[in-house]
Amino acid sequence: SYQEDDESSSVILTFANGKKVRCKALLACDGTFSRVRKQMYDPETANDPVINFNMINWSSILPQNQLESPLSYTITTNYNSHQEPRLSTYLNQCGQDEAFWQIRILDPSIGVSLSGNNGRGGLGLPGAKEKLLSVLGTPGLEALRAAVARTPEGDIFERCILARNPTPGPWSGVKSAGCL
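Keep in mind that what you see is a predicted model, and the values were worked out from it rather than measured.

A. How the structure looks around the overall build of the protein chain. From N to C terminus, the protein chain includes four helices and eleven strands. For the protein chain, buried positions account for 38% of its 180 residues. Long-range contacts, defined here as pairs at least 24 residues apart, represent 62% of the contacts in the protein chain between residues at least 6 apart. Of the roughly 10,700 Å² of accessible surface on the protein chain, a fraction of 51% belongs to carbon and sulfur atoms.

The structure is reproduced here in structure tokens:
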């Protein structure tokens, strides 16, 4: 939990083990469903709606030696807004001889229909790999399709792109705590 100390313009954090820490500011950058945000605003009375961008990401990390051919480049991106489905994709080196891939489907009806959890996301959702492979037939995505094919389904993470509006911060009267 946290408590604002107006006298010293600071925040006192209290951890589950009882330890207390004083700091100048508390930033909650832990996502749309932030625990700190829930303490700052009563969800029953606050006008704090979730903003759904109607896009879904799938991503994973796998050893480069599992790729069809090693990545000889740092990053490959593909933004396809003219063919169906509309995609934004990445296949990158990410250190320690590993590769990172990400697929973002920009068409809300296709993205949500492919979601293994109605757009709510999760790790290793059943059927995610098969559904992704079904939309990766676009020319130019062969290396990405091969990377997805070699990724164990349990390692594929799905997340819906959600946000909330920034909370009030020092610029609007709250002295030392804010959420992004």
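Continuing now.
B. Representation of the side chain of Asp-5 in the model. With respect to the element layout, Asp-5 can be found in strand β1 (residues 2-5). There is a polar contact of 3.2 Å between the side chain of Asp-5 and the backbone nitrogen of Glu-7. A polar contact of 2.7 Å, which involves the side chain of Asp-5, links it to the side chain of Arg-22. Apart from the residues within four sequence positions on either side, Asp-5 is in contact with Ser-10, Ile-12 and Arg-22.

C. Up close: the pattern of salt bridges. Under the defined criterion, the tally for this structure stands at two salt bridges. One salt bridge connects Asp-5 with Arg-22, and the closest N-O pair in it is separated by 2.7 Å. Here Asp-5 is found in strand β1, whereas its partner Arg-22 is found in strand β3 (residues 20-23), with 17 residues between them in sequence. The salt bridge partner of Glu-68 is Arg-150, with a shortest N-O separation of 3.9 Å. Placement of Glu-68 in the loop between β5 (51-63) and β6 (75-80) and of Arg-150 in the loop between α4 (142-149) and β10 (157-163) is noted, with a sequence separation of 82 residues between them.

D. Focus on the side chain of Ser-59. Along the polypeptide, Ser-59 turns up in strand β5. With near-sequence residues (within four places) excluded, Ser-59 lies in contact with Phe-100, Trp-101, Gln-102, Asp-155, Ile-156 and Phe-157.

E. Structural detail: the pairing of β10. As paired strands, β5 and β10 are joined by six bridges and run antiparallel to one another. Bridging from a neighbouring strand, Ile-56 pairs with Cys-160 of β10. Bridge count between strand β9 (residues 122-123) and β10: two bridges; the pairing is antiparallel. When the bridges of β10 are listed, Leu-123 appears paired with Phe-157.

F. Structural context of the nonpolar core. Ranked by internal contacts, the top residues of the largest apolar core, which has 22 residues, are Trp-58, Trp-101, Ile-103, Leu-132, Leu-136, Leu-144 and Val-148. Elements with a minimum of two residues in this core: β5, β7 (87-93), β8 (98-105), α3 (128-135) and α4. Every residue in contact with Val-148, bar those within four places of it in the chain, is listed here: Trp-101, Ile-103, Lys-129, Leu-132, Leu-133 and Leu-136. The next biggest cluster of nonpolar side chains, apart from the first, holds eight residues, and it includes Tyr-2, Leu-13, Ala-28 and Met-40.

G. Summary view of unusual backbone geometry. The phi torsion at Gln-96 lies on the positive side, around 50°, for a residue other than glycine. As for its position among the elements, Gln-96 is in the loop between β7 and β8. With a relative accessible area of 76%, Gln-96 lands in the exposed category. Despite not being glycine, Asp-97 has its phi angle at roughly 60°, a positive value. By the secondary structure assignment, Asp-97 is in the loop between β7 and β8.

H. View of the pairing of β8. Judged from the eight bridges that link them, β5 and β8 form a sheet pairing that is antiparallel. Bridging across to β8, Asn-57 finds its partner in Arg-104. Sheet analysis places β7 next to β8, joined by seven bridges and oriented antiparallel. Paired with Ser-88 across the two strands is Arg-104, which belongs to β8.

Each value, and the rule that gives it
Residues numbered from 1 in each chain as written. Predicted model: local features only at pLDDT ≥ 70, side-chain atom pairs only at ≥ 80, totals over all residues. Heavy atoms only, no water. Helix = DSSP H or I, 4+ residues; strand = E, 2+ residues; numbered from the N terminus. Buried < 20%, exposed > 50% of the residue type's maximum accessible area, 1.4 Å probe, protein only. Contact = heavy atoms within 4.5 Å. Areas by Shrake-Rupley, 256 points an atom, 1.4 Å probe, with all protein chains shown as cover. Polar contact = N/O pair within 3.5 Å; in protein donor to acceptor, adjacent residues only side chain to side chain. Salt bridge = Lys/Arg side-chain N within 4 Å of Asp/Glu carboxyl O. Pairing = 2+ DSSP bridges. Core = buried A, V, L, I, M, F, W, Y, C linked by side-chain atoms within 4.5 Å.

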